[in-house]
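Chain residues, written in single-letter form:
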Amino acid sequence: MKKTVEFTLNGKPVSMELDSSRMLLWVLRYDLGLTGTKYGCGEGLCGACTVIVDGKAERACVLEMQAVAGKTVTTIEGLARNGGLHPLQKAFVEHDALQCGYCTPGMIMNAYGLLLEKPHPSRSEIIGHMDGNLCRCGAHQRIVQAIETAAKQAGGGIR
Amino acid sequence: MKPEYAGQESVYQDHLKLDFSGATPSGPSLPLDRRQFLQLLGGGIIVCFTVPDSLDAQEGERRRGMGQQLPQDFNAFLKIGGDGRVSGFTGKVEYGQGITTSMAQILAEELDVPLDSVDMVMGDTDLCPWDMGTFGTMSTRIFGPALRGAAAEARAVLIELAAEQWQVPKERLKTKAGAVYEEAGQKRISYAELAKGQKILRHVKGVAPKPQPKDTIIGKNVLRRDATAKVTGQAKYAADIKVPGLLHARIMRPPVHGAKLIHADTSGARAIEGVQIIEEGDLIAVLHPLPDMAERALAKIQAQFDRPAPTVDDKTIFDHLLKVAPQGQTVAQGGNLDEGRKAARHVLDRTYLNSYVSHAPIETHSALAKIEGNKLTLWASTQTPFALKEAAASLLGFPAQNVRVITPFIGGAFGGKSNNQQAMEAVKLAKLAGKPVQVVWTRAEEFFYDTFRPAAVVKIQAGESEAGLVTFWDYGVYWAGERGAPQFYNIPNHRTVSYGSGWGSTPGSHPFATGPWRAPGNNTNTFARESHIDMLAAAVGMDPVEFRLKNLTDARMLRVLQAAAEKFDWSPAKAPSMRGFGVACGTDAGTYVAHMAEVAVDKDTGNIVVKRVVCAQEMGLCVNPEGARLQLEGGITMGLGYALSEEVRFNGGEILHSNFDTYTIPHFSWLPQIETVILDAKDSPFQGGGEPPIICMGGVIANAVFDATGARLLQLPMTPERIKEALFKRES
């Protein structure tokens, strides 16, 4: 059953006619061409598809479009502002906090969700929040350091 | 845009259509004549080079599997363009190991140019000459010296050009910052000016590179050059590629390996709007412009399979593997085992078991095939783009030069992306559908078709004197392969025998496909050897580090062991000391490593917490220490998985995992404090960096668990159940 679903995507209004039981991940990647959000498991178990919905980190692979209606969605493509990297992106670059890079957008978006909720997380809060995001290359130590750096530099003002 | 990253559209793409199909072992290397080649490259100074066939014996197994030799003529080249930019062209690919950065450093160093004026063009079969593939930690240690040699040749050409122009002896000329200058100081000319309008093609003749100790770019910490593309979501992987008219495929799979399709009813799937069904023999696939709709349609197919009765499972596999093992091959021996047995006061006999593990890259196997007339373009997550090109051409009956494989960024490989099954599926479906087709495996397909690291058994009998000197070492490894099997201790009487190859298709051995997995064979061999050495130390009441030092004379190993002990602040004690400290060391890809770990074991739950890991690595001349540290940390973190949790559960051909809920890979909460030491070896050749740091993880944790509890684990992974069992065994 096709329905109209309206939401805000990376700051811009979007209106789509679609089967609203489809998952946000596929709509982002194939209907809207935003391939920065990755498929990794399809069951919310790896975090590669993490996006921000109304300020909270969500798994796009298990989020039906009807749950997105009327909400605000931010993907990795919407994170950089005014042509510059977001503090989290910058920290990931400066810490070499990635290898193959495939899990990286999900890592950054999940970390972004954490900082929106808790601008000054402790190391154990970072680890607890990131625990469901999987990285196979083993960049974990640097990812934690990058999040600590970004939080410190933003000084509570992450957005 | 600069062609800086593998996978990005390169500026060369439009005007450079090179055909290197002839550069295979059987044919001539350069199908174009010299003039055409230069024209297509836009002129400049081009130096072609061959990666020497100096693969060591450890790689023999893999090479035989490839069935290919390196080409006779050249398989990489570099270009200095009229704009002064330096480009390296190679069939190697980037899957996270950082070679887009380190190879550029090698070129910049030898050519005396700033790092940001170097581009790497990689893994595109139309732009790069034939390459065997990217694996075995060979990119730096085997390819690196050849790349450096070619750069030395190019620098010599630049100096010759300047010498001719100025009519001065070339001995008086030097290079710096992308220019040639006369030592006396007056004359200076940039590479851009020298290369402009030139059409020079050279093959490497053997100009000596600059002396290593004077390096300023090699040995410098450089951040990853691909990071910005990756943190912004702009980096493209094979599943991110799109072409007009693209259809997404979902393929019907058998429930277990070896199952035969009896009947399939596709009528339910056909009812979904926009679906195209492909049925050809056993291949049934659903195509749709949207992948999730293809998935829904696939779920509506009703199929019946004839399932073979299971004959082995994850518990009986070890007995099975011992039973079907072929005759062994002696890979190392010395002295006389009988003499060694006579001299021994303590003899220790143990059998070690290691499980199948999955590669589990976060990017599943992906590919897109587009056929236009008699031409195929294929984007694929692959470690072997040139092998794929040949296979795809042969499947379609196209001449090889009509097939182009483009390797975008790869989302992790670890040895698991060499078979190209998904890409061949895409090719076949594109042909049958008459439209471009993308195949992106689901996580369940990834676990089902993975070429697992083989389960293996190691049997060791060894003896020592009262003073703790090992007098003999009799070692047999079954199905892990010989890499890392020969011991490096100073043992007078020893024999190492390998039964069955590390992977491959010996019928009746494994119930499903197996293949190379990061440092193939070595994780199993190092776990067994280092556990056994630890037990020999405990049997004579010696500290495990002291015991190793006493039985070692290899200077490189002594150095890494001492460096690790210093960093860890190891103080000698007989194990079990209840501190939970462990040590293990090993060699891989020409590199020496030593690990130390601290663990805590919860005796009620059997849970292990790895609190700290120290790794010292001597890898010869290290191109990018920061990039190498990243590999060390990655190896340690990934290695926690095969040590603690990763084990493929199966019943016959049925794989009992379809996702990360039951197959657990390392999480953030497992993260120990990691400290790494890269030993200075500026006068040494390049060695391997990415695989060695993972090999000790099983052994170092097993030894730390013993130190913490007195319980010895002889099987990986060390799950809570196995820990509890070992503790129970110790108490009773």
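Residues numbered from 1 in each chain as written. Chains lettered and ligands numbered in written order. Predicted model: local features only at pLDDT ≥ 70, side-chain atom pairs only at ≥ 80, totals over all residues.

## Brief notes about the overall build of chain B
Threshold: Put simply, DSSP marks the helices as runs of H or I at least four residues long and the strands as runs of E at least two long, and each gets a number from the N terminus on. As defined in this context, the radius of gyration uses C-alpha atoms, and a globule is described by 2.2 Å times the residue total to the power 0.38. Exposed residues have 12 or fewer other C-beta atoms within 10 Å of their own C-beta, buried residues have 20 or more, and partly exposed residues fall in between, where C-beta atoms are placed from the backbone. Contact between residues is assigned whenever the C-beta positions, reconstructed from backbone atoms, fall within 7 Å.
A count of helical and extended segments in chain B gives 20 helices and 28 strands. In terms of C-alpha radius of gyration, chain B reaches 27 Å, essentially the compact-globule figure of 27 Å for 732 residues. Expressed as lengths along the three principal axes of its C-alpha atoms, the size of chain B is roughly 80 × 80 × 45 Å. Looking at chain B as a whole, 56% of its 732 residues are labelled buried. For chain B, long-range pairs separated by at least 24 residues make up 77% of all intrachain contacts whose partners lie at least 6 apart in sequence.

## Here we look at the overall build of chain A
Helix and strand content of chain A: five helices and five strands. For chain A, the sequential pattern of α-helices and β-strands runs β-β-α-β-β-β-α-α-α-α. At 15 Å, chain A has a C-alpha radius of gyration in line with the 15 Å of a compact globule built from 159 residues. Sequence-distant contacts in chain A: of pairs separated by 6 or more residues, those separated by 24 or more amount to 61%.

## Structural notes on unusual backbone geometry
A cis amide bond links A575(B) to the next residue, P576(B), at an omega of 0°. The amide bond that connects L716(B) to the next residue, P717(B), takes the cis arrangement and shows omega of -5°. Positive phi outside glycine occurs at D54(A), with the angle close to 45°. Structurally, D54(A) is set in the loop between β3 (50-53) and β4 (56-59). For F414(B), which is not a glycine, the phi torsion comes out positive at approximately 60°. Within the secondary structure, F414(B) sits in the loop between β18 (403-406) and α13 (421-433).

## Points about the sheet that holds strand β23 (residues 581-588) of chain B
Residues and elements named next belong to chain B. Quick note on the threshold: Pairing between strands requires that DSSP locate at least two bridges from one strand to the other. Convention adopted: a line fitted to C-alpha atoms gives each axis, helices being fitted over their contacting stretch, and angles between N-to-C directions are expressed from 0 to 180 degrees.
Read across the sheet, four strands follow the order β23-β24-β25-β28 without closing on themselves; strand pairing throughout is mixed. The outermost strands of the open sheet, each flanked by one partner alone, are β23 and β28 (673-678). Strand after strand, the sheet turns through a mean of 15° between neighbouring axes, direction not considered. Relative to β28, strand β25 (residues 608-618) runs parallel, the two being bridged by six bridges. Each residue of the ladder has a partner; that of V614, found in β28, is E675.

## Quick notes on the interface of chain A and chain B
The criterion, for reference: Only Asp, Glu, Lys and Arg are considered charged in this grouping, and only Ala, Val, Leu, Ile, Met, Phe, Trp, Tyr, Cys and Pro are considered nonpolar; every other residue, Gly among them, is considered polar.
Taken together, the contacts link 43 residues of chain A with 46 residues of chain B. Among the elements that line the side of chain A that touches chain B, the one with the most residues is helix α2 (residues 87-94) of chain A, at four residues. Considered class by class, the residues forming the side of chain A that touches chain B number 25 nonpolar, 11 polar and seven charged.

## Observations concerning the packing of helix α12 (residues 385-396) of chain B against α13(B)
Residue and element names in this part refer to chain B. Condition: Small angles under 35 degrees read as roughly parallel and large ones over 145 as roughly antiparallel, with 65 to 115 read as roughly perpendicular and the rest as oblique. Crossing chirality is assigned from the near helix's rotation relative to the far helix, an anticlockwise turn below a right angle marking it left-handed and a clockwise turn marking it right-handed.
Interaxial distance between α12 and α13 falls to 10 Å at its minimum, and their mutual angle equals 30°. Considering the angle they form, α12 stands roughly parallel to α13. Seen from above, α12 lies across α13 with right-handed handedness. Contact with α12, carried on its side by L388, A391, A392, L395 and L396, involves A423, M424, V427, K428 and K431 of α13 and no other residues of that element. Of the residues assigned to the contact of α12 with α13, the class counts are eight nonpolar, no polar and two charged.

## Describing the nonpolar core
Across soluble globular proteins, nonpolar side chains show a tendency to be buried alongside one another. Residue and element names in this part refer to chain B. Just so we agree on the cut-off: To count as a nonpolar core, a set of buried Ala, Val, Leu, Ile, Met, Phe, Trp, Tyr and Cys residues must be joined through C-beta atoms within 7 Å.
Core analysis: the biggest nonpolar cluster contains 259 residues, and L107, L378, A564, I701 and V705 have the highest contact counts within it. Among the elements that take part in this core, helix α5 (residues 139-166) stands out by supplying 10 residues, more than any other. Residue contacts for A564: discarding those within four places in its chain leaves A594, H595, M596, V614, C615, A616 and V677.

## Quick notes on the environment of A76(B)
Mapping A76(B) onto the fold places it in strand β2 (residues 76-80). Each C-alpha atom of the pair A76(B) and L671(B) lies 40 Å from the other, and the pair is 595 residues apart in sequence.

## Examining the environment of Q715(B)
All names here are of chain B. Assignment of secondary structure puts Q715 in the loop between α19 (697-709) and α20 (720-731). Distance from Q715 to F318, taken between C-alpha atoms, is 11 Å for residues 397 residues apart in sequence. Beyond its immediate stretch of four places on either side in the chain, Q715 contacts L353 and R722.

## Quick look at the domain arrangement of chain A
Residue and element names in this part refer to chain A. Our working rule: Note that the domain bounds were set by an automatic or database domain assignment.
By domain assignment, chain A separates into domain 1 (2-77) and domain 2 (87-154). Relative to domain 2, the C-alpha centre of domain 1 lies at a distance of 21 Å. At the junction of the two partners, domain 1 supplies 14 residues and domain 2 supplies 13 residues. Looking at the side of domain 1 that touches domain 2, the elements with two or more residues in it are β3 and β4. The leading source of residues in the side of domain 1 that touches domain 2 is β3, at three residues.

## Examining the sheet that holds strand β7 (residues 188-190) of chain B
All names here are of chain B. Pairing in this open sheet of three strands is antiparallel, and the strands run β5-β6-β7 from one edge to the other. Lying at the two open borders of the sheet, with one neighbouring strand each, are β5 (173-176) and β7. Between one strand axis and the next, the sheet turns through 25° on average, direction left out of account. Note: strand β6 (residues 179-182) against β7, three bridges, orientation antiparallel. In the strand pairing of β7, V180 is matched with I189. Packing of α5 onto the sheet brings it into contact with β5, β6 and β7, and relative to β5 it is tilted by some 125°.

## Digging into helix α3 (residues 104-117) of chain A
Basically, it comes down to this: Helix span, expected: 1.5 Å multiplied by one less than the number of residues in the helix.
A rise of 1.5 Å per residue sets the reference length of α3(A), with its 14 residues, at 20 Å; its end C-alpha atoms lie 20 Å apart and thus fit the reference within 8%. Buried residues of α3(A): T104(A), P105(A), G106(A), M107(A), I108(A), M109(A), N110(A), A111(A), Y112(A), G113(A), L114(A) and L115(A), and no others. On its buried side, α3(A) packs onto β3, β4, α2, α4 (123-130) and α5 (140-154) of chain A together with α7 (227-231) of chain B.

## Notes on the pairing of strand β12 (residues 283-288) of chain B
Each regular strand carries side chains that alternate between the two faces of the sheet. Residue and element names in this part refer to chain B. Among the six residues in β12, five count as buried, and that is most of the element. Of the pairings in the sheet, the one linking strand β9 (residues 247-251) to β12 comprises four bridges and is antiparallel in character. If you follow R250 over to β12, its bridge partner there is V286. Pairing of strand β11 (residues 276-280) with β12 involves five bridges; the strand directions are antiparallel. Within β12, the residue paired with I278 across the bridge is A285. The turn joining β11 and β12, which pair antiparallel and follow one another in sequence, is formed by two residues; a positive phi near 60° is taken by G281.

## What to know about the environment of D54(A)
Since 13 C-beta atoms lie within 10 Å of it, D54(A) is described here as partly exposed. If we skip the residues at most four places from it in the chain, D54(A) touches K71(A) and T72(A).

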